[in-house]
Amino acid sequence: MNEIPSYRPSDDEAQEKSTQVQAQLRLAQLREEKEQIERAKLQEEANHQKQLQFIEKRNELSRQITESASKIPDEIDSMRAEIDELNSLFNDLKQTYKKLSNIKAEEWPSERIDSLIEQYQPLLNECSEEFSDVVSRSSRMKHTKILSGVRRRSKIYISGKEFFTQFQQGLAFHLPLLLVALIVLFFIWLITPTV
C-alpha cells in the first residue's frame, strides 16, 4: 500500500508559528492593558470632575455662610438699638397713660361737665399727640411692628400713593370683568336682528 506522506512542519515553521501565536497573545495582552489604561484614565478624569464639583459646592456654601455670619453682628446691634427704643416707647406710653388715668371723667358732676371738658381737653389732646408720636416712632422699627395695627387717629388718612395703589388693584380686578361683559354685549348686538 501506498502511504500518503503526512505533512510535518519543519522546525523552522513550527518555531515561526509559535512566535506568531506568542506575538498574537502579546498583542492581545497589550490591547487589554491599553483598554485598562484608557478605563483608568477615564475613571480618573470622572473622579477629578466630581472632586471639582464638590469643591465648587463647598466653596459656594462657605461663601454663603461667611456672608450670612458677617451680617449677624450688624443685626444684633440693630436689635439692641430697637430694644432700647422699645424701652423708651414703653416708658413714654406709661407716662402718657398716667396723665390719661388722672382724668376721672366718670366722677365729674353733671353740672360741671362743660367746664371740666374744656379744662381737660388740652390734656387729652396732648396724650393723643404723644400716643401718635409713639406709634409713628414704632413704625420705623425694622424688627418689631408691635404697634403697626394701631390707628393713630380716629380719622382715616389715605396718601396719594395708597390711593393710586388701591385704584390699580381695583382696576386690575374689574377691568377683565368689564371687557368680558363688553365682548358679550357686542356679540349679542351682532346676533340680534335689527328691526
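Cut-offs used in this document
- Residues numbered from 1 in each chain as written.
- Predicted model: local features only at pLDDT ≥ 70, side-chain atom pairs only at ≥ 80, totals over all residues.
- Heavy atoms only, no water.
- Helix = DSSP H or I, 4+ residues; strand = E, 2+ residues; numbered from the N terminus.
- Buried < 20%, exposed > 50% of the residue type's maximum accessible area, 1.4 Å probe, protein only.
- Areas by Shrake-Rupley, 256 points an atom, 1.4 Å probe, with all protein chains shown as cover.
- Patch = residues over 30% accessible without salt bridge, like charges linked within 9 Å, V, L, I, M, F, W, Y side chains within 5 Å.
- Salt bridge = Lys/Arg side-chain N within 4 Å of Asp/Glu carboxyl O.
- Lys, Arg positive; Asp, Glu negative; His and termini not counted.
- Charge placed at Lys NZ, Arg CZ, Asp CG, Glu CD.
- Phe/Tyr/Trp six-rings, centres within 6.5 Å; stacked < 30°, edge-to-face > 60°.

What to know about the overall build of the protein
Across its full length, the protein holds 3 helices and 0 strands. Of the regular secondary structure in the protein, the N- to C-terminal order runs α-α-α. Out of the 195 residues belonging to the protein, those deemed buried represent 8%. Of the roughly 17700 Å² that the protein leaves accessible, carbon and sulfur atoms contribute 59%.

Here we look at a negative patch on the surface
Together, Asp-11, Asp-12, Glu-13 and Glu-16 give the surface a local cluster of negative charge. Mapped onto the secondary structure, Glu-16 falls in helix α1 (residues 11-101). Judged by relative accessible area, which is 54%, Glu-16 ranks as exposed.

As for the pattern of salt bridges
Per the counting criterion, the structure on display carries 9 salt bridges. Across the pair Arg-63 and Glu-60 runs a salt bridge whose closest N-O atoms are separated by 2.4 Å. Here Glu-60 and Arg-63 lie together in helix α1, a separation of 3 residues that amounts to about one turn. Note that Arg-137 is salt-bridged to Asp-133, the shortest N-O span being 3.4 Å. Taken together, the residues Arg-137 and Asp-133, both in helix α2 (residues 113-139) and 4 residues apart, mark about one turn of the helix. You can call Arg-137 buried: its relative accessible area is 15%. On the basis of relative accessible area, Asp-133 is assigned to the partly exposed category, the value being 38%.

Thoughts on the packing of aromatic side chains
Taken as a whole and assessed by the stated rule, the structure comprises 3 aromatic pairs. An angle of 20° between the planes, with centres 5.5 Å apart, marks the rings of Trp-108 and Tyr-120 as stacked. Separated by 12 residues along the polypeptide, Trp-108 in the loop between α1 and α2 and Tyr-120 in helix α2 bring together distant segments of the chain. Residue class for Trp-108 comes out buried when judged on its relative accessible area of 18%. The exposure class of Tyr-120 is partly exposed, given its relative accessible area of 25%. On the basis of an interplanar angle of 35° and a centroid distance of 6.1 Å, the ring pair of Phe-186 and Trp-189 is categorised as tilted. Pair noted here: Phe-186 and Trp-189 are both in helix α3 (residues 160-191), with a separation of 3 residues, about one helical turn. According to the relative accessible area criterion, Trp-189 is exposed, its value standing at 60%.

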